[in-house]
Amino acid sequence: AEQYTFFHWYLAFPQVFGRGGFDVVLGNPPWDSLLFREEEFFAASRPQIAGAPTAAARKRMVRKLKGEDPALFDAYQGALRAVAGANAFVRAGLTYPLCGVGRVNLFGLFAERARSIVSKVGGVGQIVPSGLVADDSTKLFFQAIMDGGELVSFYDFENREGIFGGVHR
């Protein structure tokens, strides 16, 4: 649990779930997919690997790490395993039956979790990309909230004016 930072809502908040769940769940989940990106992993430690001209060249460089830098190679293997394990868990369908499909997006998983921990009379508010209502991997989730009459509002904003500097226009 410490290594993979598991969190079990029902064990952490038994009194809340004894009353049926949270009254309000607010969030701004990560807007990322559940993929391992070698370029990101090696960006700081080995920029030459991150900037390899092809995936094949990058793979060759990574294989050389086993002898050149065993600690970094082990960290790389551990990171690969963590992402593969998270994908296996999510795709098993028990915890995330609606958003654990296709190209898994973390914002979809957070939205599905929020929906599962809020009480029947509670509400969820989240800042998520419009992909929550438009992506193929979240269509089952969106259909479920529409079928259940759970969607109160959904606002879609663009950053055309560049108000948020770090956000793509």
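Reading the values: the criteria
- Residues numbered from 1 in each chain as written.
- Predicted model: local features only at pLDDT ≥ 70, side-chain atom pairs only at ≥ 80, totals over all residues.
- Heavy atoms only, no water.
- Buried < 20%, exposed > 50% of the residue type's maximum accessible area, 1.4 Å probe, protein only.
- Helix = DSSP H or I, 4+ residues; strand = E, 2+ residues; numbered from the N terminus.
- Arc of directions from axis to C-beta.
- Contact = heavy atoms within 4.5 Å.
- Phe/Tyr/Trp six-rings, centres within 6.5 Å; stacked < 30°, edge-to-face > 60°.
- Core = buried A, V, L, I, M, F, W, Y, C linked by side-chain atoms within 4.5 Å.
- Polar contact = N/O pair within 3.5 Å; in protein donor to acceptor, adjacent residues only side chain to side chain.
- pLDDT = per-residue confidence, 0-100.
- Axes fitted to C-alpha atoms, helices over the stretch in contact; angles between N-to-C directions.
- Parallel < 35°, antiparallel > 145°, perpendicular 65-115°, else oblique.
- Left-handed = near helix turned anticlockwise from the far one by under 90°.

Colleague: Pulling in residues and values, what's your account of helix H9 (residues 139-147)?
Modeller: Inspection of H9 places Phe-141, Ala-144 and Ile-145 among the buried residues, and these make up the whole buried set. Buried positions in H9, seen along its axis, are confined to an arc of 95° and lie on one side of it. For H9, the elements touching its buried residues are helix H7 (106-117) and helix H8 (131-134). Backbone geometry just after H9 places Gly-149 at a positive phi near 65°.

Colleague: Quick rundown of the packing of aromatic side chains? Include the residues and the values.
Modeller: Taken as a whole and assessed by the stated rule, the structure comprises 14 aromatic pairs. Through pairs of rings, three or more aromatic residues link up here, namely Phe-7, Trp-9, Tyr-10, Phe-13, Phe-17 and Phe-22.

Colleague: How would you explain the nonpolar core if you had to name every residue and give the values?
Modeller: By size, the foremost hydrophobic cluster in this structure holds 15 residues, and its most contacted members are Leu-34, Val-90, Val-104, Leu-109, Leu-132 and Phe-141. At the level of secondary structure, the elements contributing two or more residues to this core comprise H7 and H9. Residue contacts for Val-104: discarding those within four places in its chain leaves Ser-33, Leu-34, Asn-87, Val-90, Arg-91, Cys-99 and Leu-109.

Colleague: Outline the side chain of Ser-33, supporting the account with residue identities and numerical values.
Modeller: With respect to the helices and strands, Ser-33 occurs in the loop between strand E1 (22-27) and helix H3 (38-42). A polar contact is formed between the side chain of Ser-33 and the side chain of Arg-103, at a distance of 3.3 Å. Residues contacting Ser-33, with those up to four places away along its chain left out, are Arg-103, Val-104, Asn-105 and Leu-106.

Colleague: Please set out the environment of Thr-138 residue by residue, giving values where relevant.
Modeller: Of note, Thr-138 is situated in the loop between H8 and H9. The sequence separation of Thr-138 and Gly-108 amounts to 30 residues, and the corresponding C-alpha distance is 6.4 Å.

Colleague: How would you explain the side chain of Arg-58 if you had to name every residue and give the values?
Modeller: Mapping Arg-58 onto the fold places it in helix H5 (residues 55-68). Residues within four places of Arg-58 in sequence aside, it is in contact with Glu-38, Glu-39, Ile-49, Ala-50 and Ala-52.

Colleague: Give a detailed account of the confidence of the model for the chain, specifying residues and quantitative values.
Modeller: The predicted coordinates of low-pLDDT regions are not to be read in fine detail. Put simply, the chain has an average pLDDT of 93, and 100% of its residues get 70 or more. Looking at the elements of the chain, mean pLDDT is at its lowest for H8, recorded as 92, and at its highest for helix H2 (residues 14-18), recorded as 98.

Colleague: I'd like a description of the packing of H5 against helix H6 (residues 70-91), backed by residues and values.
Modeller: Each pair of packed helices can be summarised by the angle the axes make with each other and by the distance between the axes. Axis separation between H5 and H6 bottoms out at 6 Å; the angle between their running directions is 125°. The angle between the axes of H5 and H6 places the two elements in the oblique class. In the packing of H5 onto H6, the handedness of the crossing is left-handed. On H6, the residues that touch Lys-59, Val-62, Leu-65, Lys-66, Gly-67 and Glu-68 of H5 are Pro-70, Leu-72, Phe-73 and Tyr-76.

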